[in-house]
Amino acid sequence: MSDNTIDIVFHHTSGADGRTTAEGFQQTARMHPDRIALRNPGGRQEVTWPEYAQRVEAIASGLAGRGASPHPIRTRSGRHADRTRDRG
């Protein structure tokens, strides 16, 4: 870790520590396999945590297949770089 970045740890309700929102999301999905994660107004459509996690993984896999990185790009100052400039 360089001097220009800060290491942030998130404390999940499970007691596990994570460094990304994605880690916290996956931990929540594992903790609540039978619970509803998403429900539309009126409750006509419901998605469980495992179904939601599977959809997120499929999207992430598709993005990775197109060259997206799971890690933010940082500049020398430690700020996030604008990836759209790299892709033209």
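Keep in mind the model is a prediction, meaning the values are calculated, not measured.

The rules behind these values
- Residues numbered from 1 in each chain as written.
- Predicted model: local features only at pLDDT ≥ 70, side-chain atom pairs only at ≥ 80, totals over all residues.
- Heavy atoms only, no water.
- Helix = DSSP H or I, 4+ residues; strand = E, 2+ residues; numbered from the N terminus.
- Buried < 20%, exposed > 50% of the residue type's maximum accessible area, 1.4 Å probe, protein only.
- Contact = heavy atoms within 4.5 Å.
- Areas by Shrake-Rupley, 256 points an atom, 1.4 Å probe, with all protein chains shown as cover.
- Salt bridge = Lys/Arg side-chain N within 4 Å of Asp/Glu carboxyl O.
- Axes fitted to C-alpha atoms, helices over the stretch in contact; angles between N-to-C directions.
- Left-handed = near helix turned anticlockwise from the far one by under 90°.
- Nonpolar A, V, L, I, M, F, W, Y, C, P; charged D, E, K, R; others polar.
- Expected span 1.5 Å × (residues − 1).

## Quick notes on the overall build of the protein chain
Item 1. On a plain count of helices and strands, the protein chain comes out with three helices and four strands.
Item 2. When the helices and strands of the protein chain are listed from N to C terminus, the series reads β-β-α-β-β-α-α.
Item 3. When each of the 88 residues of the protein chain is scored for burial, the buried share is 16%.
Item 4. Looking at the protein chain alone, contacts between residues at least 24 apart form 17% of all its contacts between residues at least 6 apart.
Item 5. When the accessible area of the protein chain is evaluated, it comes to approximately 7,400 Å², of which 50% is carbon and sulfur surface.

## Quick look at the side chain of Thr-48
Item 1. Along the chain, Thr-48 turns up in strand S4 (residues 46-48).
Item 2. Every residue in contact with Thr-48, bar those within four places of it in the chain, is listed here: Pro-33, Arg-35, Ile-36 and Ala-37.

## Quick look at the pattern of salt bridges
Item 1. A full pass over the atoms with the stated rule returns one salt bridge.
Item 2. Glu-46 is the partner of Arg-39 in a salt bridge, and the nearest nitrogen-oxygen pair spans 2.9 Å.
Item 3. Residue Glu-46 is classed as partly exposed on the basis of its relative accessible area of 41%.

## Some thoughts on the environment of Pro-33
Item 1. Inspection of the secondary structure assignment puts Pro-33 in the loop between helix H1 (21-31) and strand S3 (36-39).
Item 2. In this structure Pro-33 comes out as partly exposed when scored by relative accessible area, which is 41%.
Item 3. Residues Pro-33 and Thr-48, 15 residues apart in the sequence, show an inter-C-alpha distance of 7.0 Å.
Item 4. Leave out the neighbours within four places in its chain, and Pro-33 touches Thr-48 and Pro-50.

## Section: the packing of H1 against helix H2 (residues 49-65)
Item 1. The geometry of H1 relative to H2 is characterised by a closest axis approach of 8 Å and an angle of 145° between their N-to-C directions. Where H1 crosses over H2, the handedness of that crossing is left-handed. On the side of H1, the interface is formed by Phe-25, Gln-26, Thr-28 and Ala-29, while H2 contributes Trp-49, Tyr-52, Ala-53, Val-56 and Glu-57.
Item 2. In the contact of H1 with H2, the residues fall into six nonpolar, two polar and one charged.

## A look at H2
Item 1. The end-to-end C-alpha distance of H2, which contains 17 residues, comes to 24 Å, matching closely the 24 Å that a straight helix rising 1.5 Å per residue would cover.
Item 2. In the stretch just after H2, Gly-67 is the one whose phi turns positive, near 100°.

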